[in-house]
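Examining the three-dimensional arrangement
One letter stands for each residue in the lines below.
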Amino acid sequence: MKTTTQANRDRMPLASLMLAILLATPLIAIAQAPDVNINTARAALAQRQPDRALNLLDGVVLQQPLNTMAHYYRGMALGLLARHEEAQHSFLTAAALAPGFADAHRYAAVASYQLGDTTRAWEQSILAARAGSDMNDAFSLLRATGDEPADLATRLDAPLIYVTTPDLTGVIHARNWGFEDRVGGVESIATGVGTESQGEAILNSDMPYNMAYSEETGGSITTAARTNYSSQQMLQENQGRIDEVLRQFRTMIAASQKIGLVASPDLARYELQLVVNELSGAMAGKLVGCDLMPTGSGGGGFGDADVDTDVYNAYHPKKLRGKLVLRNNVTGETVHEMTVDMRDISSIADLQFRVAGYVQQLQVWVSGRTGN
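Since the structure is predicted, the reported quantities are computational estimates derived from the model, not experimental observations. Position numbers for residues start from 1 in each chain and track the written sequence from start to end. Selection of residues for local features in this predicted model requires a pLDDT of at least 70, selection of side-chain atom pairs for listing and counting requires 80 or more, and totals for whole chains, interfaces and linings are taken over all residues. Side-chain metrics in this entry use all non-hydrogen atoms of the structure; hydrogen atoms and water are not considered.

Quick word on the environment of Gly-322
Filter applied, for reference: Under the DSSP-based scheme used, a helix requires at least four consecutive residues in state H or I and a strand at least two consecutive residues in state E, with every element numbered from the N terminus. Exposed residues in this analysis have more than 50% of their type's maximum accessible area, buried residues have under 20%, and partly exposed residues fall in between, with area computed by a 1.4 Å probe over protein chains only. Any two residues whose heavy atoms approach within 4.5 Å are treated as being in contact.
Looking at the element boundaries, Gly-322 is found in strand S8 (residues 318–328). Its relative accessible area of 12% is what places Gly-322 among the buried residues. Distance in space between the C-alpha atoms of Gly-322 and Val-276 is 4.5 Å, their sequence separation being 46 residues. When near neighbours in sequence (up to four residues on either side) are disregarded, Gly-322 contacts Val-275, Asn-277, Met-338, Thr-339 and Val-340.

Take a look at the structure:
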């Protein structure tokens, strides 16, 4: 009976072989352009200098914790240093940052196999296979360690989806925060009578607050007070949130049983696109303290609160509305649409809850079409 250490040693040549194959391929760019230090670290790996590579990659991760390729090559360096648990963590992090990145899933499977973590090895091997990597060698090795997952065939045969870049033109060309077409004057603005928004009043909460720091005013400003705040600027400030929405969709599609994810449109049966028509945030919160100012000489008493010294615990939920469009990737024909209404994409918990529901609906629809 082999000990765990002996078993891990037996697996070492496989990891070395895969490293050699990897380093013979061109540098892969996922999600962001590679940092110059990543190129240098990759060269160090090819020269079997893992310590030097790791030092460079640790610096990149410190400055760019979401850099997929830094985590990916960091896993390679850690593997060469026989720090297998850390290598597994780095590969799993890269795979989580870029779901459908076939090589990240493949090497996460290798690292998991080296540790005897067959559950994760199977899962990452399946994700790699669905993303386009030939994993027959991994499946053969894993079958020798125990039974394959009961849903293996179903997951490997699942229709594959490519999540493309979002359509943001609806936001860029959106009306000016709901005031356009309200031509009935102040009364109609208050009541909505005779307007496009009949029966609805315009409230402060309608206005998407931009809490960016302003050099002009020395403090936070809102779109209501700044007419030159453009849709493009709003999108730029919220790009990270939109990226996270897409990452959550990719992650949950990748983990689904009856649909799968690919990072290349060439391998997909369907293309999924998020069409954003509204992106706004209503300021909400609780006033927890303020300083009252004297009303002036001879006036006595106190006047309005000094807003500069108010203590206001506020949060700014980011509402996103639009639709999900599923297209046949061969013909380009739209085959299915779903309305998207997300209350707060700045809340990971709320975002995950809602994305899970949309992906479940998508899986049901695709399964109905394919009979799987």
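A few points about the pairing of S8
Heads up, the rule is: When DSSP finds two or more bridges between a pair of strands, those strands are recorded as paired.
As paired elements, S8 and strand S9 (residues 334–342) share eight bridges and run antiparallel to each other. Residue pairing in the sheet places Leu-320 in a bridge with Met-342 of S9. Counting the residues that bridge the hairpin from S8 to S9 gives five residues, and of these Gly-332 lies at a positive phi of roughly 80 degrees.

Some remarks on the packing of aromatic side chains
Rules: For Phe, Tyr and Trp, rings pair up if their centres lie within 6.5 Å, where Trp contributes its six-membered ring, and each pair is then called stacked (planes under 30 degrees apart), edge-to-face (over 60) or tilted (otherwise).
Counted under the stated rule, the structure contains eight aromatic pairs. Judged by centre distance (6.2 Å) and plane angle (70 degrees), the ring pair of Tyr-72 and Phe-91 falls under edge-to-face. One end of the pair, Tyr-72, is in helix H4 (residues 68–80); the other, Phe-91, is in helix H5 (residues 84–97), and 19 residues separate them in sequence. Each member of the pair, Tyr-72 together with Phe-91, is buried.

Quick word on the packing of H5 against helix H6 (residues 102–114)
Here is the rule: Angles run from 0 to 180 degrees between N-to-C directions of axes, and those axes are lines fitted to C-alpha atoms, restricted for helices to the stretch in contact. Each angle is binned into one of four classes, with values under 35 degrees roughly parallel, values over 145 roughly antiparallel, values of 65 to 115 roughly perpendicular, and all other values oblique. Helix crossings are classified by the rotation of the near helix relative to the far one: an anticlockwise turn of less than a right angle makes the crossing left-handed, while a clockwise turn makes it right-handed. Nonpolar residues are Ala, Val, Leu, Ile, Met, Phe, Trp, Tyr, Cys and Pro. Charged residues are Asp, Glu, Lys and Arg, and all others, Gly as well, are polar.
At a closest axis distance of 8 Å, the pairing of H5 and H6 adopts a crossing angle of 155 degrees. By the angle class used here, H5 and H6 are roughly antiparallel. The hand of the H5/H6 crossing is left-handed. On the side of H5, the interface is formed by His-84, Ala-87, Gln-88, Phe-91, Leu-92, Ala-94 and Ala-95, while H6 contributes Ala-104, His-105, Tyr-107, Ala-108, Ala-111, Ser-112 and Gln-114. Looking at the contact of H5 with H6, its residues break down into nine nonpolar, five polar and no charged.

Side note on the confidence of the model for the chain
Predicted coordinates in regions of low pLDDT should not be interpreted in detail. Note the cut-off: The predictor's confidence in any single residue is recorded as pLDDT, a number from 0 to 100.
Per-residue pLDDT for the chain averages 75, and the proportion of residues at 70 or more is 64%. For the stretch residues 1–18, pLDDT sits under 50, and the model shows 18 contacts to residues farther than four places along the chain or on other chains. Across residues 302–314 the pLDDT falls below 50, and counting only partners more than four positions away or on other chains, this stretch makes 35 contacts in the model.

Things to note about the pattern of salt bridges
It is possible for side chains bearing opposite charge to pair when their charged atoms get close. Filter applied, for reference: When a carboxyl oxygen of Asp or Glu lies within 4 Å of a side-chain nitrogen of Lys or Arg, that pair is called a salt bridge.
A complete count under the given rule lists 13 salt bridges for this structure. Residue Arg-143 pairs with Glu-148 through a salt bridge whose shortest N-O separation is 2.7 Å. Exposure remark for Arg-143: the relative accessible area of 41% places this residue in the partly exposed category. For Glu-148, a relative accessible area of 37% corresponds to the partly exposed category. With a shortest N-O distance of 3.5 Å, Glu-278 and Lys-319 are connected by a salt bridge. Residue Glu-278 is located in strand S5 (residues 270–281), and its partner Lys-319 is located in strand S8; the two are separated by 41 residues in the primary sequence. For Lys-319, a relative accessible area of 26% translates into the label partly exposed.

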